[in-house]
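# Architecture at a glance
The lines below spell out each chain.
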Amino acid sequence: MKVRTNVPDPERIKRQAKKLRRTVEMSHMEALNQVVREHGFDNWNNYQNCQPTKSSGKHEIKRPAIPATSALDYYNVITGAIIDQHPNRKMSVKRHKKVGKLIKEVMDAVEYYKRANNAIFSIRSTLETWLGNEYNERELPTEEFNKIYLGRSGHGFETSPSNTRKATLKRNLKIAWSILLQSYHDCKPMEKLEHRFKLAFKALDNWPARLRTPIFYYRGQLRPGTLVRIKNGKNTLGIVFHHDYRRKLVEGYSDGGIFHAARHEVTILKNQSTARNFKPMRLYLPYGKWRCESGKEVLFNRDYSPIWERSPKGRVRVISPNKEIDFLEQEFFYDDRSAPYYNNEVTLQRCQSILMEWGVHEKTPKVLNMLTEALSAGDVRLLSPKGVS
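None of these values were measured; they are calculated from a predicted model.

### Brief notes about the sheet that holds strand β4 (residues 236-244)
With respect to topology, five strands assemble into an open sheet ordered β6-β5-β4-β3-β7, the strand pairing being antiparallel. With partners counted over all chains shown, the strands left at the sheet margins are β6 (257-262) and β7 (266-268), one partner each. On average, each strand axis in the sheet is inclined to that of its neighbour by 45°, with strand direction left out of account. In the sheet, strand β3 (residues 227-230) pairs with β4 via four bridges, with the strands oriented antiparallel. Bridged to V228 within β4 is G238.

Structure (structure tokens):
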């Protein structure tokens, strides 16, 4: 077949067809056929076959031929009113599943990004409707149907995705759109769907730097950072990290370390302003001292995290709790039976006097600065970087 070189641009043809439909009542396919006839072609399919081959090196997607009736109406099952249209063609269930998997991952990621979520939700709803019109319950059981576009992917939502993650989400949409182009012919419903994909791409490109995510609490649920007293016979103070409302369990960090208690075993302190200044004894009080070969001395807490170091010349400075220390000797100031955070005043005074002797009793070790970070991350284990109990 001889290929014509003076073929008008397809986008120009589509624009002319849209303009024609505004003046004459006809289907999208009829408008396309009439416009291409004015350019010397028999019909739209003949026009597409005469398109010159592009030498751009990119993979050209082969579109299905357009049937005489390009789109079908679908109706409200109760009122019988026309809701919208869908392509007069079936996409295989296998392809629907692949597209559904890609869309669900993006849907989960943009859960709290309203602009992108609206676009992706519209895409998902449209494809779910098309799937329902293409296959009846005998061909596609309800249980299998619900798994294709509904449910979650398991990836979770994003608040500040990296450029790599955003590129992955956009790639998912590109692959999904490519599959749809291979499966459906050119028609009005596909044009509408393409517009929604463009909105989704634009939203991903303009992801806000700071995305606010709502946090939901049950009535009576303790929020992270709440200061409580634990009724364990020792009345120790603690700060809440997580309250499992349904299981009625509270996890947090107390003067004695990580605690797990039933909800009825903790009471909320009336004065919550002191929560900002809460200093768990287990973190900042010295549990012992290491002596190094160089003559340097290091105080460490109950989790064996270094908190202060003193040079042979007597200079004291704060030290990272993650630093590994090579020592020759170690000395302990108390054991678990005489721990200061269990109301042992003698041990408490001894530990405080050691801090005063080192000149750091009014200073803050780095391990205490981790309390805010651990609360923000919701991970109490960050306060025990050595993993020692």
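### Regarding the environment of I307
With respect to the helices and strands, the residue I307 is situated in strand β10 (residues 306-310). Spatially, the C-alpha atom of I307 lies 8.9 Å from that of R317, the residues being ten residues apart in sequence. Beyond its immediate chain neighbours, meaning those up to four positions away, I307 contacts L283, Y284, L285, P286, L299, F300, N301, V318, I319, P365 and V367.

### Points about the packing of aromatic side chains
This model, assessed by the stated rule, comprises 16 aromatic pairs. With a centroid separation of 5.7 Å and an interplanar angle of 80°, the aromatic rings of Y287 and Y304 are classed as edge-to-face. Of the two residues, Y287 sits in the loop between α9 (281-284) and β8 (288-291) while Y304 sits in the loop between β9 (297-300) and β10, which places them 17 residues apart along the sequence. Taking the relative accessible area as the measure of exposure, Y304 reaches 24% and is therefore partly exposed. For the ring pair Y341 and Y342, a centre distance of 5.0 Å and an interplane angle of 80° mean the geometry is edge-to-face. With relative accessibility at 3%, the residue Y341 sits in the buried group. What links up through ring pairs into an aromatic cluster is the set Y287, W290, F300, Y304, F327, F332, Y334, Y341 and Y342. Over the ring of Y284 we find K279, and its NZ or CZ is 4.6 Å from the ring centre. The positively charged end of R302 is found above the aromatic ring belonging to Y287, 4.7 Å away from the centroid.

### Considerations on helix α4 (residues 93-109)
Helix length check: α4, at 17 residues, gives a terminal C-alpha distance of 24 Å against a target of 24 Å (1.5 Å per residue), a fit within 8%. Buried residues dominate α4, accounting for twelve of its 17 residues. The set of residues buried in α4 consists of V93, H96, V99, G100, L102, I103, K104, E105, V106, M107, D108 and A109.

### Focus: the sheet that holds β9
Ordered by their spatial adjacency, five strands build an open sheet running β11-β10-β9-β8-β12, and the pairing between neighbours is antiparallel. Edge positions in the open sheet fall to β11 (316-318) and β12 (329-332), since each of these has one partner strand only. Between one strand axis and the next, the sheet turns by 20° as a mean value, whatever way the strands run.

### Description of the packing of α4 against helix α7 (residues 163-183)
The contact between α4 and α7 brings their axes to 9 Å, and the two run at 150°. Taken together, the axes of α4 and α7 are roughly antiparallel relative to one another. The handedness of the crossing between α4 and α7 is left-handed. Two secondary-structure elements touch here, α4 through R95, K98, V99, L102, I103, E105, V106 and A109 and α7 through R165, T168, L169, N172, L173, I175, A176, I179, Q182 and S183. Here the contact of α4 with α7 is composed, by residue class, of ten nonpolar, four polar and four charged.

Analysis parameters
Residues numbered from 1 in each chain as written. Predicted model: local features only at pLDDT ≥ 70, side-chain atom pairs only at ≥ 80, totals over all residues. Heavy atoms only, no water. Pairing = 2+ DSSP bridges. Helix = DSSP H or I, 4+ residues; strand = E, 2+ residues; numbered from the N terminus. Axes fitted to C-alpha atoms, helices over the stretch in contact; angles between N-to-C directions. Contact = heavy atoms within 4.5 Å. Phe/Tyr/Trp six-rings, centres within 6.5 Å; stacked < 30°, edge-to-face > 60°. Buried < 20%, exposed > 50% of the residue type's maximum accessible area, 1.4 Å probe, protein only. Lys NZ or Arg CZ within 6 Å of the ring centre and 35° of its normal. Expected span 1.5 Å × (residues − 1). Parallel < 35°, antiparallel > 145°, perpendicular 65-115°, else oblique. Left-handed = near helix turned anticlockwise from the far one by under 90°. Nonpolar A, V, L, I, M, F, W, Y, C, P; charged D, E, K, R; others polar.

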